[in-house]
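Descriptive structure summary
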Amino acid sequence: MPPTRVRQPPVRRRERPPRPPRSPRSPRSGQAVRFPVLAVVFVCAACGLVYELELVALASYLIGDSVTQASVVLSVMVFAMGVGSLLAKRLRCRAAVGFGMVEAGLALIGGCSALALYAAFAWLGESRYVVVAFSLAIGVLIGAEIPLLMSLIQRAGSAPEAGEEAPSVRRSGTRSGVRSGARTGARSGLAKRARRQAPPVEPDDAAGTVADLFAADYVGALVGGLAFPFLLLPWLGQLTGALVTGAVNVIAGGGLVLWVFRRDLTIRSRALLIGVNMSVLAVLATATVLVDDFEEAARRAVYGDRVRVAVHTDLQEVVVTGGREGPPDLFLDGRLRVAGQDEYRYHEALVHPAMKGPHARVLIVGGGDGLAAREVLRYSGVSSVTVVELDPGVVRLARTDPALATLNAQAFRDPRVRVVYADAFNWLRGAADRVQERYDVVISDLPDPGITPSTKLYSEEFHGLVARVLTGAGRFAVHAGSVSDRPHTYWTVDATLRAAGFATRPYSASGRTPGFAAGPDRADRTGGTEQGPGDWGFLLAVPGDRPPVLGLAPDAPRLRSLGAGTLEAAARRAERARVPALPSSTLVHPRYGS
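The text that follows walks through the structure, step by step, so that each part is easy to find. (Residues numbered from 1 in each chain as written. Predicted model: local features only at pLDDT ≥ 70, side-chain atom pairs only at ≥ 80, totals over all residues. Heavy atoms only, no water.)

Side note on the sheet that holds strand β8 (residues 439-445)
For clarity, the threshold we go by: Here, strands pair whenever DSSP counts at least two bridges between them. Here a strand is any run of E in DSSP of at least two residues, a helix any run of H or I of at least four, and the numbering for each starts at the N terminus. For helices, the fitted axis covers only the stretch in contact; all axes are lines through C-alpha atoms, and the angles between them, taken along N-to-C directions, range from 0 to 180 degrees.
Across the sheet, seven strands lie side by side as β7-β6-β5-β8-β9-β11-β10; this open sheet has mixed pairing. Both edges of this open sheet fall to β7 (417-421) and β10 (502-510), since each of them pairs with a single strand only. Strand after strand, the sheet turns through a mean of 15 degrees between neighbouring axes, direction not considered. Bridge analysis of strand β5 (residues 361-366) against strand β6 (residues 384-389) gives five bridges, and the strand direction is parallel.

Structural notes on the packing of aromatic side chains
Which entries qualify depends on this criterion: Pairing of aromatic side chains requires ring centres within 6.5 Å, counting the rings of Phe and Tyr and the six-membered ring of Trp. Pairs whose planes differ by under 30 degrees are stacked, by over 60 edge-to-face, and all others tilted. Exposed residues in this analysis have more than 50% of their type's maximum accessible area, buried residues have under 20%, and partly exposed residues fall in between, with area computed by a 1.4 Å probe over protein chains only. Whether a charge sits over a ring depends on NZ of Lys or CZ of Arg being within 6 Å of the ring centre and within 35 degrees of the ring normal.
Throughout the structure, instances matching the rule amount to 11 aromatic pairs. Each ring, one from Tyr 346 and one from Trp 536, has its centre 5.7 Å from the other, and the planes form 75 degrees; the classification is edge-to-face. Separated by 190 residues along the polypeptide, Tyr 346 in helix α11 (residues 343-351) and Trp 536 in strand β11 (residues 535-543) bring together distant segments of the chain. Overall, the relative accessible area of 5% leaves Tyr 346 in the buried class. A residue is classified by how much of its surface remains accessible, and Trp 536, at 11% relative accessible area, is buried. Centroid distance Tyr 490 to Trp 491: 5.0 Å. Interplanar angle 90 degrees. Geometry classified as edge-to-face. The class for Trp 491 is buried, based on a relative accessible area of 1%. Here the basic side chain of Arg 361 rests over the ring of Tyr 439, its NZ or CZ set 4.8 Å away from the ring centre. Lying over the aromatic face of Tyr 344, Arg 560 brings its terminal NZ or CZ to 3.8 Å of the ring centre.

Describing the environment of Thr 471
Note the following rule: When checking whether two residues touch, look at their non-hydrogen atoms; a contact exists if any pair is within 4.5 Å.
Tracing the backbone through its elements, the reader meets Thr 471 in strand β9 (residues 470-481). The class of Thr 471 is partly exposed, set by a relative accessible area of 21%. Sequence separation of Thr 471 and Val 441 is 30 residues, and the distance between their C-alpha atoms is 8.3 Å. Residues within four places of Thr 471 in sequence aside, it is in contact with Arg 438, Tyr 439, Asp 440 and Pro 543.

Examining the pattern of salt bridges
To keep things clear, this is the line we draw: Salt-bridge detection follows one rule: a side-chain nitrogen of Lys or Arg within 4 Å of a carboxyl oxygen of Asp or Glu.
If you walk through the whole model with that rule in mind, you get 16 salt bridges. Put simply, Asp 423 and Lys 456 hold a salt bridge, and the shortest N to O gap is 3.2 Å. One end of the pair, Asp 423, is in the loop between β7 and α15 (424-434); the other, Lys 456, is in the loop between β8 and α16 (460-469), and 33 residues separate them in sequence. According to the relative accessible area criterion, Lys 456 is partly exposed, its value standing at 31%. Residue Asp 485 is joined to Arg 486 by a salt bridge in which the shortest nitrogen-to-oxygen separation is 3.8 Å. Taking the relative accessible area as the measure of exposure, Asp 485 reaches 43% and is therefore partly exposed.

Overview of the sheet that holds strand β4 (residues 335-339)
Strand order in the open sheet formed by four strands is β1-β2-β3-β4, and the pairing between neighbours is antiparallel. For this open sheet the edge positions go to β1 (307-312) and β4, each flanked by a neighbour on one side alone. The average undirected angle you get between the axes of adjacent strands in this sheet is 20 degrees. Of the strand pairs in this sheet, strand β3 (residues 329-332) and β4 are connected by four bridges, and their pairing is antiparallel. Among the inter-strand pairings, Phe 331 is bridged to a residue of β4, identified as Leu 336.

Thoughts on empty space enclosed by the protein
Operational definition: Cavity and pocket criteria rest on a 1 Å grid covering protein atoms alone: a 1.4 Å probe that fits but cannot get out defines a cavity, protein on both sides within 12 Å along at least 5 of 7 lines defines an open pocket, and an atom within 4 Å of a point defines a lining residue. Grid points are joined across faces, edges and corners, and a volume is the space filled by probe spheres set on the points.
Applying the stated criterion across every chain yields a total of one cavity of 30 Å³ or more. In this structure, the largest cavity encloses a volume near 30 Å³. What lines the largest cavity is Ala 398, Arg 399, Ala 405, Asn 408, Gln 410, Ala 411, Phe 412 and Arg 413.

What about unusual backbone geometry?
The phi torsion of most residues other than glycine is negative, and most of the peptide bonds are trans. Although it is not a glycine, Ala 409 adopts a positive phi angle of roughly 55 degrees. Residue placement: Ala 409 occurs in the loop between α14 (402-407) and β7. A positive phi is found at Ala 581, a non-glycine position, where the angle reads about 55 degrees. Structurally, the position occupied by Ala 581 is in the segment after α18 (564-575). What makes Ala 581 exposed here is its relative accessible area of 80%.

Next up, the structure:
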């Protein structure tokens, strides 16, 4: 009988209890991600606001009308930021690569925006559409930043710690074959039970993350807004300042992705980001090296080949053109201020009708070129001339440049002339208490009232301040823009003077201007209107209700363009263009327009 086999019961292998699930990220690791992200948000916000202010400043300088340009840039950029936030939703699955590419694009477009805008103005003569295009592009990229950073922070909250393999890595690193599958199947049930029994992982505080991001964003915007006027513009200028800002932007954004979130990148994505960021840095560095040559070429395209002096003061760009033999032309921020060939027509018409009467003490508002002072000093009865000029750089150039100093007959070397560097509005507010004697003549030698920075100096409040420092028999001469080209602006100045208690007499002077329009908008320089307005409009005002009589003083010097008959014809010519029933312009309601 064969032996009976005794069936042994299977020996159960002692199974090890599953390891408890590991916490997704320790608090220390979370802070290690959060702080670099907030620092980069701070830097990127500062750079974004610099791009915005750069567009506003350069558009106001090139096109004019700073209120309109600021409104266009801000409104388009805020709208584009909303569009960018929506478009960023498509990049959330690849937030690290998306954020790196967004910052590289923002650095390139924002850094080169000033160059492109200036080039369009210099060679095409039109920059409005370029301003809108760059505002739109920069706004879209800025709007995509915060959503992508939120995705990165949330992903970092659920990522394994440094040194721990990611789930996909653990799965790919296990032994293949039946043994791996059996081990996984044997432990799956126990692992599920262990996960059900383990305490849930606390999710990231989304509200706190949003608050931190926006706090860093707003503080960065504050720093960028202060750095632009006080650091970048004085030290680097508009073009170089934008390029340096772009370099800082690409370094901060690229560094964050390539270092802090490097585990979210594939080898191909990492190589792509490194190549793009290095290319952007190379473009910005090359542009920075060549920016002086670019600016010189653009200046020749704008002003011609006869640029003699080009300086940037603390307030504006001052350019003097002309040959050594001929008279110079003076441009302030691209606007023709003095046309050397016929400036005498303007200054004789502005000054001499006001000198009929007492003229011992004369106040000139503006006139940093010294040409109005030159005409005033031709009267022997003048004892003192006070020139209130905002920009010391203009007066310095008028004193030291041989061509300008010759043109103004060395007016600033005359001991009767005193120069005050101040804002005319603020200076006049305190002048009534400081001045021992009132002025016999006040001359307003200011840019066109349609230019936004000059608007307050053509307001009813400013004219009221002039009335306080003027004698009872004093005269007030005002340059009010072109009568023929901008009649609405000219007659608004007249209405404002009358509202301030003056009686006025309008008149104009004819003259030619070489190339640039003297008005506030120079965008039509190459649009078929090469020649600017053919006249200058003036207003002679006196306190009271009786308009002054146009004429010349008995001791008036010999003039090249004015005479008794000339003034009468100039008054009739201005009256023919009168626009009736216009309201006055005030500080809170400026009314100047074309």
